[in-house]
Amino acid sequence: MDAIILQILNGLDKGSAYALIALGLTLIFGTLGVVNFAHGALFMIGAFCAVTLSRILTLSHTIIDETQKDFLGNPLKVDVPYVHDIFGVSAGNAIIDWAVPLSVLFAIPIMILVGVIMERGLIKHFYKRPHADQILVTFGLAIVLQEVIKYFYGANPIPTPAPEAFKGSLDFGAIIGFDPNIIIYPYWRIIYFAFAAVIIGGVFAFLQFTTFGMVVRAGMADRETVGLLGINIDRRFTIMFGIAAAVAGLAGVMYTPINSPNYHMGMDFLVLSFVVVVVGGMGSLPGAVLAGFLLGVLESFASMREVIDIIPGINQVIIYLVAIIILLTRPRGLMGRKGVMEE
Amino acid sequence: MFNLEKSDLTLLIAVAVLTLFAPFILNPFPADSAMAQFNAGYPDLMQRFVIFGIFAIGFNILFGLTGYLSFGHAAFLGVGSYAAVWMFKLLSMNVIPAIILSVIVAGLFSLLIGFISLRRSGIYFSILTLAFAQMMFALAYSVLTPITGGETGLQLALDDPRIFGQSQTPEGNIPVPGLFGLEMRDSFDLAIGSWVFTFNIGYYFCALVLIASFYLAIRIFRSPFGMMLRAVKSNQQRMNYTGLNTRPYTLAAFVISGMYAGLAGGLMASMDPLAGAERMQWTASGEVVLMTILGGAGTLIGPVLGAGFIKYFENIFSKINATILHEWFAFLPDGLEDFIVAILYPFIGKGWHLTLGILFMMVVIFLPGGLVEGGQRIAAWIKGRKAGKTTAGGKTEPAE
């Protein structure tokens, strides 16, 4: 029992990342009808927003500290971050410590901007081209974005820690009545899950309860008619692309403490996210979220020792295996609508 | 001759001449000149040209003719390599049985995967092939380590049985792959003046296989079977309505292209007898897609051009470094020189993938037909200029 709860918890954080990326992919696909292979790159750019902000915050200038001496008796040179000068030492340290959560604010405008530029500059021209062309051009774009990041940040993973306050683990088992120290779960992963839940809830609420969202949903159902009603649906779809980019970017920002960002993390997640989207049903937002969590949890179950002993290697292939079975038995995915992407 | 039309025969002869004289064509610069780094006429690179050419020709039979975009073709190449290395380990170092087995094994795998994946089309087909390839890659890396060698890859060892060959040479080394006594790695250097041309047995073996595969591809393209595949690409629904089951045709195309990939994998292992799982990763599948698109999908010569183009620039571009750039632009004033070098630097050396990505995007955006279409457009333009103003305009492009 405790092992099962532990695996469900372990699956949730990875599932959250899958769900967020898949949600963005589905938004883009549902609104613009574009298969975006560069979406993983957006996730990666988000993660590097966090890296950039923490670098900006730790920008330092060197001063000579007369009170401290090195072993030769000379005054010691100390690097002082600029934030210390602006906010004072303790507040400055707190800001540096909280770099990753702060990056969320930093990343939203950047990601929306990146998304809008991408849509207006490139993807706009590919609406009427075949899906294969869309896949290929966004695949090329993903390579380019990845290489640009590699050029500026190098090929090695860059550790970006969570704030000190969230470094520990929660003894989850003790709360729900198991023996202590059996089900422990890092705070940051709880936060990641909660964050993902908020974002997903926010996107759904935005689509469901605002006029803008209503128009977008109408556009997803019948773009032409909405256009004929005199609504500039293209502009709204562009904004949705920006939002989808921001969702992927935020997923990346918050993922940095779990996994140090490197330039190819986007590609690693992209393949899985596509599988998630297809399992959930192309064009179905709830399906993408559901499939994301489902596959995340399944993956962590498959990596249990007991399971691996029975079927060796299952943890490596479970997601693909599920995808193949779903695609062959339920051609529309778990919650796919009729008539979307059925050839 | 060969049952080919005249234009196809010209193409085949052109490919044959290009590959057979590649050691000359790719070495246009004297060995010790400053331009020698642009020479591509060394065996290792030439082998890669033709091997990836074969791989891309095979991929084109599937993608170019039927329009099914497979994102998992590298898996068959990897399987082929493993099969070939196992032949070297168990049977003998002769490349013929190794290559035959790698083609058969890749064919079997593609039959299985194709049978399942071809139940769906469009993006679902791409995802299914991707999923299968990633599964094979993950398994080869982890659980199947006894068969695949895991992370280190599958290598030859001194205590391999090699029933029809010898476990080790009299000197106590691992024997090298060969063809009835001809060792694949043997080369013959021809020096003419300050030019040095290298003729490698392995390369010529690959080149002959390439010419044979190219001939086979032409026959497939021109056959009723090829016509059927093109019909599938242009309108599968209409094919179904005429009462025709397209599945056997697409499956046959899938298996043929899988066998081409296996052949390429077997050749790769024959040139350098080791096999690793990274050959099966989806980025490797992406690479062959790039080659085919860049050259021109659906054309005969396109994939070969694309493979050669990418492999050439991958090797040459990644060798250029900042010092060489500085030498090139040394004639400019210092400030300007540094400026130009600083601009160009991200695109060369380790930044080669950036150039490749940009180039690839440009091709998809502006030249969906690849290099072949580019060549045709230039040819048409020159023709139009020659014809002068008497013919009005020539070809007109339909508005997008």
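In this text, all values refer to a predicted model and were calculated from it rather than measured experimentally.

A. Fine view of the overall build of chain A. Check the secondary structure of chain A and you find 15 helices and four strands. The C-alpha atoms of chain A give a radius of gyration of 23 Å, which matches the 20 Å a tight globule of 343 residues would have. In chain A, buried positions account for 46% of the 343 residues. In chain A, of all internal contacts separated by at least 6 residues, the share reaching a separation of at least 24 is 75%.

B. Local environment of the overall build of chain B. Looking only at helices and strands, one finds 17 helices and six strands in chain B. Taking 2.2 N^0.38 as the reference for a compact globule, 400 residues should give roughly 21 Å; the C-alpha atoms of chain B span a radius of gyration of 23 Å, in line with that estimate. Judged by the C-alpha coordinates and their principal axes, chain B covers about 75 × 65 × 45 Å. A separation of at least 24 residues holds for 73% of the contacts in chain B among residues at least 6 apart in sequence.

C. Structural view of the interface of chain A and chain B. With 32 residues of chain A at the contact, the number on the chain B side is 34 residues. At the level of elements, α6 (131-153), α12 (265-280) and α15 (314-329) of chain A are the ones that each hand at least two residues to the side of chain A that touches chain B. For the side of chain A that touches chain B, the per-class residue count stands at 25 nonpolar, four polar and three charged.

D. Just the packing of helix α2 (residues 39-57) of chain A against helix α5 (residues 99-121) of chain A, in detail. All names here are of chain A. Their axes nearest at 8 Å, the elements α2 and α5 cross at an angle of 130°. Here α2 lies oblique to α5, going by the angle between them. Crossing hand, α2 versus α5: right-handed. Counting all contacts with α2, which are made through L42, I45, G46, C49, A50, L53, S54 and L57, the residues of α5 involved are A99, V100, L102, S103, F106, A107, I110, M111 and V114. Across the contact of α2 with α5, the residue classes tally to 14 nonpolar, three polar and no charged.

E. Looking closely at the environment of Q316 of chain A. Among the structural elements, Q316 of chain A can be located in helix α15. You can call Q316 of chain A buried: it has 22 C-beta atoms within 10 Å. Spatially, the C-alpha atoms of Q316 of chain A and T31 of chain A are 33 Å apart, while their sequence positions differ by 285 residues. In this view, Q316 of chain A contacts A138, L139 and S142 of chain B; residues no more than four positions away in its chain are not counted.

F. Examining the nonpolar core more closely. Core analysis: the biggest nonpolar cluster contains 221 residues, and L23, V247, V275 and A323 of chain A together with I54, F55 and A264 of chain B have the highest contact counts within it. When residues of this core are assigned to their parent elements, the largest contribution, 16 residues, is made by helix α6 (residues 122-141) of chain B. When near neighbours in sequence (up to four residues on either side) are disregarded, A264 of chain B contacts I51, F52, I54, F55, L77 and G80 of chain B.

G. Layout of the pairing of strand β5 (residues 195-200) of chain B. All names here are of chain B. Pairing of strand β4 (residues 187-192) with β5 involves six bridges; the strand directions are antiparallel. Across the sheet, the residue bridging to A191 is V196, located in β5. The hairpin turn running from β4 into β5, its antiparallel successor, is two residues long, and G193 in that turn takes a positive phi close to 60°.

H. Structural detail: the packing of helix α3 (residues 43-66) of chain B against helix α13 (residues 302-317) of chain B. All names here are of chain B. Packing of α3 against α13 leaves a shortest axis separation of 8 Å and a crossing angle of 140°. The chirality of how α3 crosses α13 is right-handed. Along the contact surface, α3 presents L45, R48, F49, F52, G53, A56, I57, F59 and N60, while α13 presents G302, P303, V304, G306, A307, G308, K311 and N315. Its residues assigned to classes, the contact of α3 with α13 shows nine nonpolar, six polar and two charged.

I. Examining the confidence of the model for chain B more closely. All names here are of chain B. The share of residues in chain B with pLDDT of 70 or more is 94%, and the mean pLDDT across the chain is 81. This stretch, residues 391-395, has a pLDDT under 50; its non-local contacts, to residues over four places away or in other chains, come to three contacts. Here the prediction assigns the complex a pTM of 0.83, and the interface score ipTM is 0.78.

J. Main features of the environment of S187 of chain B. All names here are of chain B. Residue position: S187 is located in strand β4. The partly exposed category is assigned to S187, around which 15 C-beta atoms lie within 10 Å. For the pair S187 and G266, spaced 79 residues apart in sequence, the C-alpha to C-alpha distance is 20 Å. Look past the residues within four positions of S187 in its chain and what remains in contact with it is P43, T198, F199 and N200.

K. Fine view of the pairing of strand β1 (residues 60-69) of chain A. All names here are of chain A. In terms of burial, β1 is a largely surface element, zero of the 10 residues being buried. Note: β1 against strand β2 (residues 75-81), seven bridges, orientation antiparallel. Looking at β2, one finds that K69 is bridged to P75. Linking β1 to β2, which pair antiparallel, is a turn of five residues; within it G73 sits at a positive phi near 90°.

L. Molecular detail of α15 of chain A. Along α15 of chain A, the largest kink reaches about 30° and is centred on Y320 of chain A. Among the residues of α15 of chain A, N315, Q316, V317, I318, I319, Y320, V322, A323, I324, I326 and L327 of chain A are the ones counted as buried. Where α15 of chain A is buried, its residues contact α12, α13 (285-302) and α14 (305-310) of chain A together with α5 (95-117) and α6 of chain B.

M. Local environment of the environment of P163 of chain A. Residue and element names in this part refer to chain A. Positionally, P163 belongs in the loop between α6 and β3 (169-171). Sequence separation of P163 and K77 is 86 residues, and the distance between their C-alpha atoms is 27 Å. Ignoring any residue separated from it by four or fewer positions in sequence, one finds P163 in contact with D97, W98, V100 and P101.

Quick notes on the rules
- Residues numbered from 1 in each chain as written.
- Chains lettered and ligands numbered in written order.
- Predicted model: local features only at pLDDT ≥ 70, side-chain atom pairs only at ≥ 80, totals over all residues.
- Helix = DSSP H or I, 4+ residues; strand = E, 2+ residues; numbered from the N terminus.
- Rg over C-alpha atoms; globule rule 2.2 N^0.38 Å.
- Buried ≥ 20, exposed ≤ 12 C-beta atoms within 10 Å, placed from the backbone.
- Contact = placed C-beta atoms within 7 Å.
- Nonpolar A, V, L, I, M, F, W, Y, C, P; charged D, E, K, R; others polar.
- Axes fitted to C-alpha atoms, helices over the stretch in contact; angles between N-to-C directions.
- Parallel < 35°, antiparallel > 145°, perpendicular 65-115°, else oblique.
- Left-handed = near helix turned anticlockwise from the far one by under 90°.
- Core = buried A, V, L, I, M, F, W, Y, C linked by C-beta atoms within 7 Å.
- Pairing = 2+ DSSP bridges.
- pLDDT = per-residue confidence, 0-100.
- Bend = angle between axes of the 7 residues up to and from the residue.

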